[in-house]
Amino acid sequence: MFRRSGGHCVATFAHDEVRVLRKVAAEVVGLLTDGMDHTDPVVSRLFPDIYPDLPEDSQEFRLYTEGDLKSSKIDQAGAILAALPDEGEGEVRLDGEAAEAWLRAINDARLAMGTRLEIQADTDLSDELDQAVLEDAGSSRVFQLSVYAYLGYLQESLLNALPEID
């Protein structure tokens, strides 16, 4: 997947990969721009209470920080959309700053998907996917777990390429 080429992280994406990455990034942007609902577990995961035992203090902290954090998350997802080919397959070249934005955006997408899929720290993703395939190989859960696993692979490959950038 991602590899180092000069001062960049480079990857070539197939048409289906581009479609999936565009959809995932657009969904993160949509989640953050369509009247963010703080009762949504995904929003709570992306914007956790800084003081869980002090709701008033958490609310005040959120008042001063959430706008910038939300804008930053939208920009990071936008970095994925901007770097991907408009259609079809293609190469993506990321400098260090863009690679870090991609890493943060992929992390946000994985947090969102993991919350929706009820993935826990001790979940064995391979077992979870095998079980979902046994139950219904054509289910949306199988697809979503596959995308979640793919994002993890993509994130790991980018992390492995990133430290080598000057």
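Above this text sits the structure in question.
Residues numbered from 1 in each chain as written. Predicted model: local features only at pLDDT ≥ 70, side-chain atom pairs only at ≥ 80, totals over all residues. Heavy atoms only, no water.

### Here we look at the pairing of strand 3 (residues 90-94)
Move 1: Of the two faces of strand 3, the one lined by G90, V92 and L94 is fully buried and the one lined by E91 and R93 carries no buried residue.
Move 2: Where strand 2 (residues 8-13) lies against strand 3, five bridges are found, and the strand directions are antiparallel. Paired with A11 across the strands is V92, a residue of strand 3. (Buried < 20%, exposed > 50% of the residue type's maximum accessible area, 1.4 Å probe, protein only. Helix = DSSP H or I, 4+ residues; strand = E, 2+ residues; numbered from the N terminus. Pairing = 2+ DSSP bridges.)

### Considering helix 1 (residues 15-33)
Move 1: With 19 residues, helix 1 extends 27 Å between its outermost C-alpha atoms, agreeing within 8% with the 27 Å of an ideal straight helix rising 1.5 Å per residue.
Move 2: Along helix 1, the residues that are buried comprise E17, V18, L21, V24, A25, V28, V29, G30 and L32.
Move 3: Summarising the contacts, the buried residues of helix 1 are in contact with strand 2, helix 2 (41-46), helix 3 (55-83), helix 4 (96-116) and helix 6 (140-161).
Move 4: Following helix 1 by one or two positions, G35 has its phi on the positive side, about 60°. (Expected span 1.5 Å × (residues − 1). Contact = heavy atoms within 4.5 Å.)

### What about a nonpolar patch on the surface?
Move 1: Side chains of I50, Y51, L54 and F61 sit close together on the surface and give an oily, nonpolar patch of about 360 Å² of accessible area.
Move 2: Positionally, F61 belongs in helix 3. (Patch = residues over 30% accessible without salt bridge, like charges linked within 9 Å, V, L, I, M, F, W, Y side chains within 5 Å. Areas by Shrake-Rupley, 256 points an atom, 1.4 Å probe, with all protein chains shown as cover. Salt bridge = Lys/Arg side-chain N within 4 Å of Asp/Glu carboxyl O.)

### A look at the sheet that holds strand 1 (residues 3-5)
Note: strands within a sheet are paired through backbone hydrogen bonds, in either parallel or antiparallel orientation.
Move 1: The sheet built from three strands is open, its strands ordered 1-2-3 with antiparallel pairing. Taken across any chain shown, the strands that pair with only one partner, and hence form the sheet edges, are strand 1 and strand 3. Strand-to-strand twist across the sheet, computed as the mean angle between neighbouring axes with direction ignored, equals 35°.
Move 2: On top of the sheet, helix 4 reaches strand 2 and strand 3; it is set at about 110° to strand 3, its chief contact. (Axes fitted to C-alpha atoms, helices over the stretch in contact; angles between N-to-C directions.)

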